[in-house]
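Listed below, chain by chain, are the residues.
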Amino acid sequence: MARKRLGELLEELGYLTGDQLEVALDVQKLNGKSLGNILIDLSFVSPSELAQAIAYQAGKEFIDLSLYSPSLEALKLIDRLTAKQLEVLPLSVEERKLKLAVSDPFNVNIVDLVRRRTGLDVEIYVSDKESILRSIEIYYEQLEKPLEEQIEDIIKKASAGEADIPKLVDLILNEGIIERATDVHISPETSASHVFYRIDGVLHHYFSLPRDIHPSIVSRVKIMSGMDISEQRLPQDGGFSYTFLGESYDVRSSTLPTAYGENVVMRLLPKNLSLFNLRNLGFEEDILQEFEEVISKPYGMILVTGPTGSGKTTTLYASLRRINSLRKNILTVEDPIEYRFPFIKQTQVNEKAGYTFARAVRHFLRQDPDVILIGEIRDEETAEMAVRAAITGHLVLSTLHTNDAVSTIPRLIDLKVKEYMVASGVLAISAQRLIRKICMFCKEEYRTTREELKRFGFSEESLDKYLEGDEVTLHRGRGCEHCRGTGYLGRLSVVELLKIDEEIGDMIVRGYPPLAILQRAKEKGMRTLKEDGLLKVLKGITTPEEVKRVVG
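Residues numbered from 1 in each chain as written. Predicted model: local features only at pLDDT ≥ 70, side-chain atom pairs only at ≥ 80, totals over all residues. Heavy atoms only, no water.

K.L.:
Explain the overall build of the protein chain to me, please; I cannot follow it from the model alone.
P.N.:
For the protein chain, the count of helices and strands is 24 helices and 19 strands. Along the first, second and third principal axes, the C-alpha atoms of the protein chain reach 70 × 70 × 65 Å. Counting across all 552 residues of the protein chain, residues that qualify as buried make up 51%. Across the protein chain, contacts joining residues at least 24 apart in sequence account for 64% of those joining residues at least 6 apart. As displayed, the protein chain has an accessible area near 25,700 Å², and 48% of this comes from carbon and sulfur atoms. The distance from the centre of the 72 positive side-chain charges to the centre of the 84 negative ones in the protein chain is 1 Å. (Helix = DSSP H or I, 4+ residues; strand = E, 2+ residues; numbered from the N terminus. Buried < 20%, exposed > 50% of the residue type's maximum accessible area, 1.4 Å probe, protein only. Contact = heavy atoms within 4.5 Å. Areas by Shrake-Rupley, 256 points an atom, 1.4 Å probe, with all protein chains shown as cover. Lys, Arg positive; Asp, Glu negative; His and termini not counted. Charge placed at Lys NZ, Arg CZ, Asp CG, Glu CD.)

K.L.:
What is the right way to read the domain arrangement of the protein chain from this model?
P.N.:
Interface size is commonly expressed as the accessible area that is lost once the parts come together. For the protein chain, the domain assignment lists domain 1 (46–144), domain 2 (157–270) and domain 3 (278–435 + 493–527). The centre of domain 1, based on its C-alpha atoms, is set 33 Å off from the matching centre of domain 2. Counting from both sides, the interface comprises 6 residues of domain 1 and, opposite them, 8 residues of domain 2. Each partner contributes to the roughly 550 Å² buried at the junction of domain 1 and domain 2, and carbon and sulfur atoms together form 62% of this total. For the pair domain 1 and domain 2, the number of links is 1 salt bridge. Between E247 and R134 there is a salt bridge whose closest N-O contact spans 3.0 Å. Run the count over domain 1 and domain 2 and you get 2 residue pairs in polar contact (both at pLDDT 80 or more). (Domains from an automatic or database assignment. Buried area = accessible area lost by both parts, 1.4 Å probe. Salt bridge = Lys/Arg side-chain N within 4 Å of Asp/Glu carboxyl O. Polar contact = N/O pair within 3.5 Å; in protein donor to acceptor, adjacent residues only side chain to side chain.)

K.L.:
Explain the environment of L467 to me, please; I cannot follow it from the model alone.
P.N.:
With respect to the secondary-structure elements, L467 resides in the loop between α20 (460–466) and β18 (471–477). Along the chain, L467 and L538 lie 71 residues apart, while their C-alpha atoms are 8.3 Å from each other. Not counting chain neighbours up to four residues away, the residues in contact with L467 comprise R450, L453, V472 and L538.

K.L.:
When you look at the UniProt feature "domain: Bacterial type II secretion system protein E" (unreviewed entry) in the protein chain in this model, what are you seeing that I'm missing?
P.N.:
The UniProt record annotates "domain: Bacterial type II secretion system protein E" (unreviewed entry) at residues 365–379. For residues 365–379, the helix share is 0%, the strand share is 27%, and the end-to-end C-alpha distance is 19 Å. (UniProt positions renumbered as here; feature names shortened; annotations may be inferred.)

K.L.:
Is there a simple way to think about the nonpolar core in this case?
P.N.:
Within soluble globular proteins, side chains that are nonpolar tend to cluster in buried spots. Core analysis: the largest hydrophobic core is formed by 63 residues, its most contacted members being L100, Y197 and M266. Per-element accounting of this core gives the leading share, 8 residues, to helix α10 (residues 165–178). In terms of domain composition, this core takes at least three residues from each of domain 1 (46–144) and domain 2 (157–270). Discounting residues that sit within four places of it in the chain, M266 has contacts with L173, T182, D183, V184, I186, V221, F240, V251, R252 and S253. By size, the runner-up hydrophobic cluster in this structure holds 47 residues, among which are M301, V406, V422 and L498. (Core = buried A, V, L, I, M, F, W, Y, C linked by side-chain atoms within 4.5 Å.)

K.L.:
Honestly, the environment of G306 in this entry has me stumped. Any pointers?
P.N.:
Here G306 shows up in the loop between β11 (300–305) and α14 (312–322). The buried category is assigned to G306, whose relative accessible area is 0%. In this structure the C-alpha to C-alpha distance between G306 and V495, which are 189 residues apart in sequence, comes to 9.9 Å. Look past the residues within four positions of G306 in its chain and what remains in contact with it is K312, L400, H401, T402, Q432 and R433.

Following this line, the structure appears as structure tokens:
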């Protein structure tokens, strides 16, 4: 049977629109490149989405190499040069079978060559070329000299006053990137300075550094970030671009004077398009359908809420990808621009120059917009401009810092938005949190009871809705080398979606309290954050402990 064309398959999988495919085919006529490369160049699809489509075409399993550490035994079977030339990554060896990640599953010569070289049967997995080449660089380098060892060498030299501080800071950043950290903390204490990485939302201690080199590390970060190195009494913020193995990162840095010296926190922001896909973010199918329905509306406001670090910006970006930028004029104002999208006009706030969120929206209205994205609603003026744009024929997407969907209503009213404007202007409010997923490599079953689940804060009402009987089989992670003994690997969203229909809108205008609105929304089928977490527990995606830790 003939293989489906790649473009058609990407369209079927929801990664590409018909309009985007037409543009890509037009570009192909001009430069003759492969369709896959053109789609990536235009940022219509990410390398990993392309690889997922190729895996589907080949009937093979896709593997996300950012979550997978190959075994030393497997790496030693194929040398670094051969791995790069063939674009393959040895993953593991089990019962005389080598698991192998490839970018081209249709190239049988590669499999034959690896089979002859290793004397083992080969089981194929598919990943994208960029991830394979990046992993080859990381893991073969680690095989020769692990980053931890390089950092330890510099720490030993520090006692003799020979520490290479610029290299040490680079190594700390590199280790954080390899470990998928979102934040790097360098914290001084009485006897040492400590390096922590925030991985999947939780801080982990990695290194202890000599106390006397801490000021030099702080100065190095300040120089990279454009801060004043002579100012040590006041907090400072800055940022810089950082490249590791060809991948670009925006690093936002911050210093804070403490009793033991200046504390440094660096946030790592990868420019990775594959993150921006609503299905991959953890939206359940029913919520995904409802959310896609509201973002396809011609006008109105959609708000994504939650605390800092709950993935709000990622959800907004994923929403933008679902809106046809070739048919609609999309304008954004962000602080800062975290990822550049094709065919979307993106601007960045500049407080010093007086270019604020509110001023941007005012000017956007003269640019014939269809869709306006506002990075965050922080003040009354921005809130008023955003709602005004929503009720005058534009689709507006933005974020707010609130604990749940329903508490966003009084927050908007606090920002001097009239009740009738909230009711008529807001289409939906999505609240979210990020929870850790059970590690796929050490996942195991266990039996528990309804009573035990109640101890984690799940209500009788929720358990009645989703649970049959008094006993249930759940999953947890034992802890392994892949998840560093935590039992968790990777994160996804738990989401609640409050749609403002006519009835809920009427309750807002009449001044009903948030609890009454929440109760009515639940009667109409809304699932709360806690219930979405319970659903993911019962599906074996996460644990009751993790839902309690994040949602409460």
